[in-house]
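# Working through the structure, step by step
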Amino acid sequence: MIADQLVVHKTKEESTTYKKDRSSESPKRSIVKSISWRIVGTLDTIIISWIITGTLSLAFSIGMVELVTKMVLYFFHERIWNTIKWGR
């Protein structure tokens, strides 16, 4: 109920600003952001793995496997969501 009211009462200016801000990001920027986020996620996995295992080489191995598997899983996750009409 409240969420509906917030959406309904959004001013035209706010709506236009939001659309402008969303579309102003270039694909190149999105790619760089995606890569930087993946690096942060993989470093997090490596650090956690190192803390748990106590072995840096094993932690890097886990991080590299995680890097590849997360990219593959994300691809299929996106493809599945592209087939779902809910919320469009």
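The present account deals with the structure reproduced in this document. (Residues numbered from 1 in each chain as written. Predicted model: local features only at pLDDT ≥ 70, side-chain atom pairs only at ≥ 80, totals over all residues. Heavy atoms only, no water.)

## Focus: the packing of aromatic side chains
Each aromatic ring pair is described using two quantities: the centre-to-centre distance and the angle formed by the ring planes. Considering all chains together, one arrives at 2 aromatic pairs under this definition. Their ring planes at 80° and their centres at 5.2 Å tell us that F75 and F76 sit as a pair that is edge-to-face. On the accessibility criterion, F75 (48% relative accessible area) is partly exposed. Classification of F76 by relative accessible area gives partly exposed; the value is 48%. Here W81 and W86 contribute two aromatic rings whose centre-to-centre distance is 6.4 Å and whose plane-to-plane angle is 50°, an arrangement assigned as tilted. (Phe/Tyr/Trp six-rings, centres within 6.5 Å; stacked < 30°, edge-to-face > 60°. Buried < 20%, exposed > 50% of the residue type's maximum accessible area, 1.4 Å probe, protein only.)

## With respect to a nonpolar patch on the surface
Where nonpolar side chains cluster on the molecular surface, the patch consists of I31, I35, I39, L43, I47, I48, I51 and I52 and spans about 820 Å² of accessible area. Tracing the backbone through its elements, the reader meets I47 in helix 3 (residues 27–53). (Patch = residues over 30% accessible without salt bridge, like charges linked within 9 Å, V, L, I, M, F, W, Y side chains within 5 Å. Areas by Shrake-Rupley, 256 points an atom, 1.4 Å probe, with all protein chains shown as cover. Salt bridge = Lys/Arg side-chain N within 4 Å of Asp/Glu carboxyl O. Helix = DSSP H or I, 4+ residues; strand = E, 2+ residues; numbered from the N terminus.)

## Some remarks on the side chain of T42
Within the element layout of this structure, T42 appears in helix 3. Look at T42 and you get buried, because its relative accessible area is 5%.

## Digging into helix 4 (residues 56–82)
Taking 1.5 Å per residue as the helical rise, helix 4 with its 27 residues ought to reach 39 Å, and the 38 Å between its terminal C-alpha atoms agrees with that figure. Among all positions in helix 4, only A59, G63 and E66 are buried. Tucked into the core, helix 4 has its buried residues touching helix 3. (Expected span 1.5 Å × (residues − 1). Contact = heavy atoms within 4.5 Å.)

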